[in-house]
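A closer look at the structure
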Amino acid sequence: MSIHENLLGGPPPTHLPDDPEPRELLANGTAPADVAAKYPTSSLAWAQLADEAFDGGRVVESYAYARTGYHRGLDALRRAGWKGHGPVPFEHEPNRGFLRALHALARAAQAIGEQEEYERCSAFLRDSSPTAAETLG
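The notes below deal with the structure included here. (Residues numbered from 1 in each chain as written. Predicted model: local features only at pLDDT ≥ 70, side-chain atom pairs only at ≥ 80, totals over all residues. Heavy atoms only, no water.)

1. Some details on helix α5 (residues 96-111)
Taking 1.5 Å of rise per residue, the 16 residues of α5 would be expected to cover 22 Å, and the 22 Å separating its terminal C-alpha atoms lies within 8% of that figure. The element α5 is extensively covered by neighbouring structure, given that 12 of its 16 residues are classed as buried. Looking at the packing, one finds that the buried side of α5 touches α3 (43-55), α4 (59-79), α6 (115-128) and α7 (130-136). At the exit of α5 stands Gly-113, carrying a positive phi of roughly 85 degrees. (Helix = DSSP H or I, 4+ residues; strand = E, 2+ residues; numbered from the N terminus. Expected span 1.5 Å × (residues − 1). Buried < 20%, exposed > 50% of the residue type's maximum accessible area, 1.4 Å probe, protein only. Contact = heavy atoms within 4.5 Å.)

As structure tokens, then:
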């Protein structure tokens, strides 16, 4: 028996394909806006834009960036075989952009008083990856 076997009978974890170029550009200090413009499907670039906007007090802008990253991530998850539920492990680095965007969307929704969206996104994050929910706060 594999240690990664799902004993609960739920869907298998979804692992997004690796897209190292945007991640490497961001790690090397390229502005997230430049990375998002060059790689608009990169949830990681949008999540980083959302984080920067939130840290700068631009909550509505953060919400918009996070929503873009979230939807780009949903598109990627569906292409990877995700059926609308099941694990999206934070431990798999290519999944982190989507999970960070989902976290940023929850955070911004809470900040603007959109409680239902905050609760939905927070639950989605916990259900997708308890590790991400704990790590991202």
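2. A closer look at the environment of Leu-136
Residue position: Leu-136 is located in helix α7. With 82 residues separating them along the chain, Leu-136 and Phe-54 place their C-alpha atoms 14 Å apart. Leaving out residues up to four positions away in the same chain, Leu-136 has contacts with Phe-90, Leu-99, Arg-100 and His-103.

3. Overview of the environment of Trp-46
Turning to its location among the elements, Trp-46 is positioned in helix α3. For the pair formed by Trp-46 and Tyr-70, sequence separation is 24 residues and the distance between their alpha carbons is 8.4 Å. Apart from residues lying up to four places away in sequence, Trp-46 is in contact with Ala-36, Pro-40, Tyr-65, Thr-68, Gly-69 and Arg-72. Polar contacts involving the side chain of Trp-46 include one to the main-chain carbonyl oxygen of Pro-40, which spans 2.9 Å. (Polar contact = N/O pair within 3.5 Å; in protein donor to acceptor, adjacent residues only side chain to side chain.)

4. Details of the layout of surface pockets
The computed volume of the largest pocket comes to approximately 410 Å³. Only α1 (20-27), α3, α4 and α5 provide two or more residues apiece to the lining of the largest pocket. Looking at side-chain class alone, the lining of the largest pocket contains 8 nonpolar, 5 polar and 8 charged residues. In this model, the second largest pocket occupies a volume close to 160 Å³. Residue assignment for the lining of the second largest pocket shows that the elements contributing at least two residues are α5 and α6. Residue classes in the lining of the second largest pocket are distributed as 4 nonpolar, 4 polar and 2 charged. (1 Å grid on protein atoms, 1.4 Å probe; cavity = no way out; pocket = protein on both sides within 12 Å on 5 of 7 lines; lining within 4 Å. Points joined across faces, edges and corners; volume = space filled by probe spheres on them. Nonpolar A, V, L, I, M, F, W, Y, C, P; charged D, E, K, R; others polar.)

That is the geometry; function is a separate question.
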